[in-house]
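Observations on chain architecture
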Amino acid sequence: MAFGKGHHLSLVDGSAFIFRAYHALPPLTRKSDGLPVGAVSGFVNMIWKMIEDNRGPDAPTHAAVVFDKGSHTFRNEMYDLYKANREAMPEDLRPQIPLTREATRAFNLACLEQEGFEADDIIATLACKARDAGGRVTIVSSDKDLMQLVGDGVEMYDAMKNARIDREGVLEKFGVYPERVVDVQALAGDSVDNVPGAPGIGIKTAALLINEYGDLETLLERAEEIKQPKRRQVLIDHADQIRLSKKLVSLDCEMDLGYDLDTLEVKEPVADDLLAFLGQMEFRTITRRVAEKLGVEVPAVAETQPAASGGLPDDSADASLPGAPDLPFDAKNYTCVTTAAELQAWIDKAHATGWISVDTETTSLDEMKAELVGISLAVEAGHAAYVPLAHREEGGVGLFGSDELAPNQMPLPECLARLKPLLEDPAVLKINHNAKYDVKVLARYGIRMAPIDDTMLMSYALHAGLHNHGMDEVSERYLGHNPIAIKTLIGSGKAQRTFDAVKIDDAVTYASEDADVTLRLWQTFRPQLHVARVATVYETLERPLVAVLTDMEMAGVKVDKSVLSRMSNAFAQKMAQLEDEIYEAAGQKFNVGSPSQVGDILFEVKGLPGGKKGKTGKYSTPADVLEDLATEHALPGLILDYRQVQKLKSTYTDALQDHVNAETGRVHTSYSIAGANTGRLASTDPNLQNIPIRTEEGRRIREAFVATPGHTLVSLDYSQIELRILAHTADIPALKEAFREGQDIHAATASEMFSVPLDEMTPDIRRQAKAINFGVIYGISGWGLARNLRIPRDEAQAFIDRYFERFPGIRTYMDDTIAFAREHMHVRTLFGRRINTPEINAKGPTAGFARRAAINAPIQGTAADIIRRAMIRMPDAIDGLPAKMLLQVHDELLFEVEEGAADDLIAIAKRVMEGAAHPAVRLDVPLIVDAGRGANWALAH
DNA sequence: GTACTCACG
DNA sequence: GACGTACGTGAGTACG
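This one's a predicted model, so the numbers in the text were calculated from it and none came from an experiment.

Conventions adopted
Residues numbered from 1 in each chain as written. Chains lettered and ligands numbered in written order. Predicted model: local features only at pLDDT ≥ 70, side-chain atom pairs only at ≥ 80, totals over all residues. Heavy atoms only, no water. Helix = DSSP H or I, 4+ residues; strand = E, 2+ residues; numbered from the N terminus. Rg over C-alpha atoms; globule rule 2.2 N^0.38 Å. Buried < 20%, exposed > 50% of the residue type's maximum accessible area, 1.4 Å probe, protein only. Contact = heavy atoms within 4.5 Å. Areas by Shrake-Rupley, 256 points an atom, 1.4 Å probe, with all protein chains shown as cover. Near = heavy atom within 4 Å. Polar contact = N/O pair within 3.5 Å; in protein donor to acceptor, adjacent residues only side chain to side chain. Nonpolar A, V, L, I, M, F, W, Y, C, P; charged D, E, K, R; others polar. Pairing = 2+ DSSP bridges. Domains from an automatic or database assignment. Buried area = accessible area lost by both parts, 1.4 Å probe. Axes fitted to C-alpha atoms, helices over the stretch in contact; angles between N-to-C directions. Left-handed = near helix turned anticlockwise from the far one by under 90°.

**Notes on the overall build of chain A**
When you go through chain A residue by residue, the secondary structure sums to 37 helices and 25 strands. Relative to the 2.2 N^0.38 estimate, which gives 30 Å for 941 residues, the radius of gyration of chain A is 32 Å and therefore close to what a compact globule would have. Taken over the C-alpha atoms alone, chain A extends approximately 105 × 80 × 60 Å along its principal axes. When each of the 941 residues of chain A is scored for burial, the buried share is 51%. Within chain A, contacts between residues separated by at least 24 positions form 67% of all contacts whose residues are at least 6 apart in sequence. Just so you have it, chain A exposes about 42,200 Å², and 51% of that area is on carbon and sulfur atoms.

**Points about the protein's contact with DNA strand B**
Surrounding DNA strand B, one finds 23 residues, the nearest of these being Thr621, Ala623, Ile693, Arg694 and Asp891. The share of sugar and phosphate among atoms of DNA strand B within 4 Å of the protein is 78%. At 3.5 Å from a sugar or linking oxygen of DNA strand B is found a side-chain nitrogen or oxygen belonging to Tyr652. Within the side chain of Asn690, one N or O atom sits 3.0 Å away from a base nitrogen of DNA strand B. Among the elements that make up the surface near DNA strand B, the one with the highest residue count is helix α26 (residues 635-658) (4 residues). For the surface near DNA strand B, the residue count by class is 8 nonpolar, 9 polar and 6 charged.

**Points about unusual backbone geometry**
With an omega of -5 degrees, the peptide bond between Asp685 and Pro686 qualifies as cis. With respect to the element layout, Pro686 can be found in the loop between β18 (682-684) and α27 (696-699). In this model, His918 is joined to Pro919 through a cis peptide bond whose omega is -5 degrees. The topology assignment puts Pro919 in the loop between α36 (902-914) and β25 (929-934). Backbone geometry places Glu282, a non-glycine residue, at a positive phi of 65 degrees. With respect to the helices and strands, Glu282 occurs in the loop between α12 (271-281) and α13 (284-294). When its relative accessible area of 17% is taken as the criterion, Glu282 is described as buried.

**A look at the environment of Val441**
For Val441, the location among the structural elements is in helix α16 (residues 435-443). When the C-alpha atoms of Val441 and Met368 are compared, they prove to be 7.1 Å apart, with 73 residues separating the residues in sequence.

**Details of the pairing of strand β8 (residues 355-362)**
The side chains of a regular strand alternate, residue by residue, between the two faces of the sheet. Of all 8 residues making up β8, 7 are buried, and the element is well covered by its neighbours. When β8 meets strand β11 (residues 429-432), the two strands line up parallel, connected through 3 bridges. Note on β11: the bridge partner recorded for Trp355 is Leu429. Bridge analysis of β8 against strand β9 (residues 372-380) gives 6 bridges, and the strand direction is antiparallel.

**A closer look at the protein's contact with DNA strand C**
Around DNA strand C sit 33 residues, and of these Ser594, Asp685, Asn687, Trp783 and Arg852 come closest. For DNA strand C, the fraction of atoms within 4 Å of the protein that belong to sugar or phosphate moieties is 64%. For DNA strand C, a base nitrogen lies 3.2 Å from a polar atom in the backbone of Ala771. Measuring from a base oxygen of DNA strand C, one finds a side-chain N or O atom of Arg793 at 3.3 Å.

**Side note on the pairing of strand β2 (residues 62-66)**
Within β2, 5 of the 5 residues are buried, leaving the element largely enclosed by the surrounding structure. Judged from the 5 bridges that link them, strand β1 (residues 8-13) and β2 form a sheet pairing that is parallel. By the bridge assignment for β2, Ser10 is matched with Ala63. Pairing of β2 with strand β3 (residues 110-112) involves 3 bridges; the strand directions are parallel. Of the residues in β3, the one forming a bridge with Ala64 is Ala110.

**A short note on the domain arrangement of chain A**
Here the domain parsing of chain A yields domain 1 (8-264), domain 2 (331-556), domain 3 (558-667) and domain 4 (721-862). Taking the mean C-alpha position of each, domain 1 and domain 2 sit 43 Å from one another. Between domain 1 and domain 2, the contact holds 6 residues from the first and 4 residues from the second. Together, the buried faces of domain 1 and domain 2 total about 580 Å²; carbon and sulfur atoms form 63% of this surface.

**What about the packing of helix α35 (residues 845-877) against α36?**
α36 packs onto α35 with a crossing angle of 145 degrees between their chain directions and a minimal axis gap of 9 Å. In this structure, α35 meets α36 at a crossing whose hand is right-handed. Across from Ala870, Arg873, Met874 and Ala877 in α35, the residues of α36 making contact are Ile908, Ala909, Val912 and Met913. When grouped by side-chain class, the residues that make up the contact of α35 with α36 number 7 nonpolar, no polar and 1 charged.

Here it is as structure tokens:
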């Protein structure tokens, strides 16, 4: 029967519950692994009490627990500063948030949240629907923002005070009845949510005014009539701000929810599910109570001994973790799926558990070209299946096998048709290792796989700095199992075959194992994310990036081959010319491309000074050495010119042409999310993060990166983001002030250091200060600065001493960071990203490297986190604009946009980037983004 | 496969 | 007191 008269809907404000539980209870941790669970415990007890108290004739027939999701809502679109003064969530509360969702589901209660909306909006929408249908509603919350909903069968219930709030209760609180509550709130504002309201007017005055004039609009229209001059002026001056405030406090009753009230019908908890969850949390008392009430035997909550395996260096001295079940790997449990019925059985299993690990086998590492050969699946550790789809017949012509399909394979379209609903089902989690690869391959077959979890990214969030995160390495380290190497199936080097030439039997063993390993890694890493306090990093900075980068990479950037080709020819000519000059100057022919031959010529034949040999016994000939020599001799300069042209030609004008995709006419790079230790992305095949810009000649390469007709490229980049982060993190008043004032930061540094007034600043002094500023970010050393500035070492050291003297906070930051790293074996970014520092306590030169890396990582990593946050928010922000985000270059984002929409795009993207730290972190310095646009990348910059 | 060099932030 | 270093990447070439 559809929801209506006689029905009673209970809506629980889950987020408020959590915060109350957190603050009401002492910190409590799970015994086995130290996971903070105090708020979860309080939450569970509150829910249980609510269920128990609500048995009887008045019991709700429908119920849901509603949560906030994310912190960025449509209200932030109206008003940047909405809730901007909120404190960041306490670190030990964060990991508990997802657990409260799990708790809700364990109680068999509907768990509701929606991106971009607050819990209050969902509650409002459901309450209005229920009321309109003739039912009763109880909102379990004491939040005053919800009071506007009271009346007509809607009541609030304050679970703490055990008090119901009806229309009269609202009148008591606000001085008006519910329908005028938003008017009062609009005037009074709200310091907690940072709603501005009218300055100097509180609830009392607001209610007085509203009661006198009837409603807010009338009041504002007739503001001139107000007798008190101050009050009158405030209302006239701030009318817009008051109207905005009203919008901010008004709840959205007409959200598009995608489900109706009937789905919220109350169901009894399933004893097994609930007790499993409570057991996992190691809650003994509530477990006993629940078990008794549900009439089942009280399960023993394990006196869990900290597990011996899975050791992870953590803040606590001897943190150790529960791992996945220690089940042997056995290929006997891997099966080959060849019929629809067999495949369906796996799909059913996935629906039953809510998750499935998936791995695709293809013909190429390039996702834009890879053709699907088969798919492996696993739902339970130790068991997996492989669905061969496009293996070719064995023993065809030569090395390449046959063109015929091998027998006993499902037709690819049929398999995909059956898998598509599962892979796109929002209720079933797809677990992958390096999900971006599989998402991209499947996207080309019309499947948008979501939601996903990625064990590679989990490993990265946990173990960045310790090792790489490829499946083989991670499996070996954390499962103690060496998976079959792909090389054994397809060979390597010239004789390498593609996966479709692999025998199906071998593919079953190999591919099933990968799905099995992935599932086991997921089981291993999932609980560790909380213990290492990187669950939020994983959820907010890693996982969401997969879809964003998928779209960017598939979009690609248009590259004009003919531009590159012309430049290539010009470079070839120039190289030939330089070669002649070099031979002439050297007095003999040699391979200019060979550093060892260059060394011999310069330091032996010509007898130039300063030749240093590397570990291979050859002379080293890096650019800075040659530059120094070039002041006295012609040859080194010519070699440098040659090298520059050769680099531009081979790496850029030539190689880049080969990367233009034949079908799209565009270049599709691939970003590795888990490549760089600090949180930066890395771009490969081709690397589009190192396209030349510093020299005029190299910069012209960027002219080949173009917009399609009718479009323009837009580049936005953060100005001095790392120095700003340093100023904030190390808390340097002078630097923060300079950034707030919009000063030239290097000039300001120079002025402070050398006591030179800004208007007397010379380029040379500024240059030296700039070098020091960068040096600080890199973990400065006298030697390094001396080398960079080409000054004596003692002079460089004197600069550094002076810098520390003028900005003592920098020294403190460096010392504190190193001390933290030595104690915890990791450092963190402002957003909690963890970068492990395994060599921080090493001896010898390694120690120096490790110290400098530890100083740099929080700065570089925080900048990386900020642009990640911007990228993740960008698709929603520019939704509706004819624009695409194409590339990321560490502090720059490149877009392609229809010409007419470029201004809108710049305005929006700039706002997203400049506000990207909020609300998680409130920086003491502004983030500034510069924008440029043009028909090609050189012009856009 | 490793070393060297050089492109970027 | 000597040592040997700026942080983070990827790619192309030479060479064993």
